[in-house]
Amino acid sequence: LLSVHSGRVLHRNFFPGYNEQFLLTQKDAVPFRLTRNQTEFINPFGISGPLSAAMHGLAMTIDSKKTSLQEYIQLFLRDDIVYRQLHGENEQTPLSSIAELESCISGNFQHVANLSSQYSPTQSTTKGSEVYQKVQDLIRVATSAENISQLPPSYHPWF
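Residues numbered from 1 in each chain as written. Predicted model: local features only at pLDDT ≥ 70, side-chain atom pairs only at ≥ 80, totals over all residues. Heavy atoms only, no water.

## Points about the overall build of the chain
Then, in step 1: Along its length, the chain carries five helices and two strands.
Then, in step 2: Put simply, the chain runs from its N terminus to its C terminus through helices and strands in the order β-β-α-α-α-α-α.
Then, in step 3: Pairs at least 24 residues apart make up 69% of the contacts formed inside the chain by residues separated by at least 6 positions.
Then, in step 4: With the model as given, the accessible surface of the chain reaches about 10700 Å², and the carbon-plus-sulfur share is 59%. (Helix = DSSP H or I, 4+ residues; strand = E, 2+ residues; numbered from the N terminus. Contact = heavy atoms within 4.5 Å. Areas by Shrake-Rupley, 256 points an atom, 1.4 Å probe, with all protein chains shown as cover.)

In structure tokens, the structure reads:
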């Protein structure tokens, strides 16, 4: 994508979204990109089977290892916030102190930890459980034609 404000080329798929206080938010209508072409390629069995199982596995790994991963996740979040402070489009309010930066980082890590535990299956999880349904709801929202049509044109295929 081409930034209207700075003219720089930016690929939004690899950057998390932040609000004005540098807290993680979801600005797009879909939680992740899963277009019709990707859905057709993976097929319905692949989406309801390996894709959702991988999403459960990733959430369970992050949830069970969050103390080990905390420093790495916080490092990623800190580097991204500092980069946006130095090179961003200044839509966020500048952070005035290191304590404020640490507060943003810890709040964002808590958000990631809460999401991982929300989508992480437990030993008592069955196919009809609430956790399974939450992941299926994420996939349904990501594949909804109405939501995909609200994304920028660069998300759509050109054929």
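## Section: the packing of helix H1 (residues 36-64) against helix H3 (residues 98-118)
Then, in step 1: Where H1 meets H3, the axes come as close as 8 Å, and the angle between the chain directions of the two elements is 125°. By the angle class used here, H1 and H3 are oblique. Pair H1 / H3 crosses with left-handed handedness. The segment H1 lies against H3, with Ala59, Ile62 and Asp63 engaging Ala113, Ser116 and Ser117. (Axes fitted to C-alpha atoms, helices over the stretch in contact; angles between N-to-C directions. Parallel < 35°, antiparallel > 145°, perpendicular 65-115°, else oblique. Left-handed = near helix turned anticlockwise from the far one by under 90°.)

## Points about the pattern of salt bridges
Then, in step 1: For the coordinates displayed, the defined rule picks out three salt bridges.
Then, in step 2: One salt bridge in this structure joins Asp63 and Lys66, with 3.0 Å as the shortest N-O distance.
Then, in step 3: Taking relative accessible area as the criterion, Asp63 reaches 23% and is therefore assigned partly exposed.
Then, in step 4: Lys66 gets classed as partly exposed once you look at its relative accessible area, which sits at 26%.
Then, in step 5: Of the charged contacts in the structure, one is a salt bridge between Arg78 and Asp79, with a shortest N-O distance of 2.7 Å.
Then, in step 6: On the accessibility criterion, Arg78 (34% relative accessible area) is partly exposed.
Then, in step 7: The class for Asp79 is partly exposed, based on a relative accessible area of 39%. (Salt bridge = Lys/Arg side-chain N within 4 Å of Asp/Glu carboxyl O. Buried < 20%, exposed > 50% of the residue type's maximum accessible area, 1.4 Å probe, protein only.)

This is a description of form; function is not addressed.
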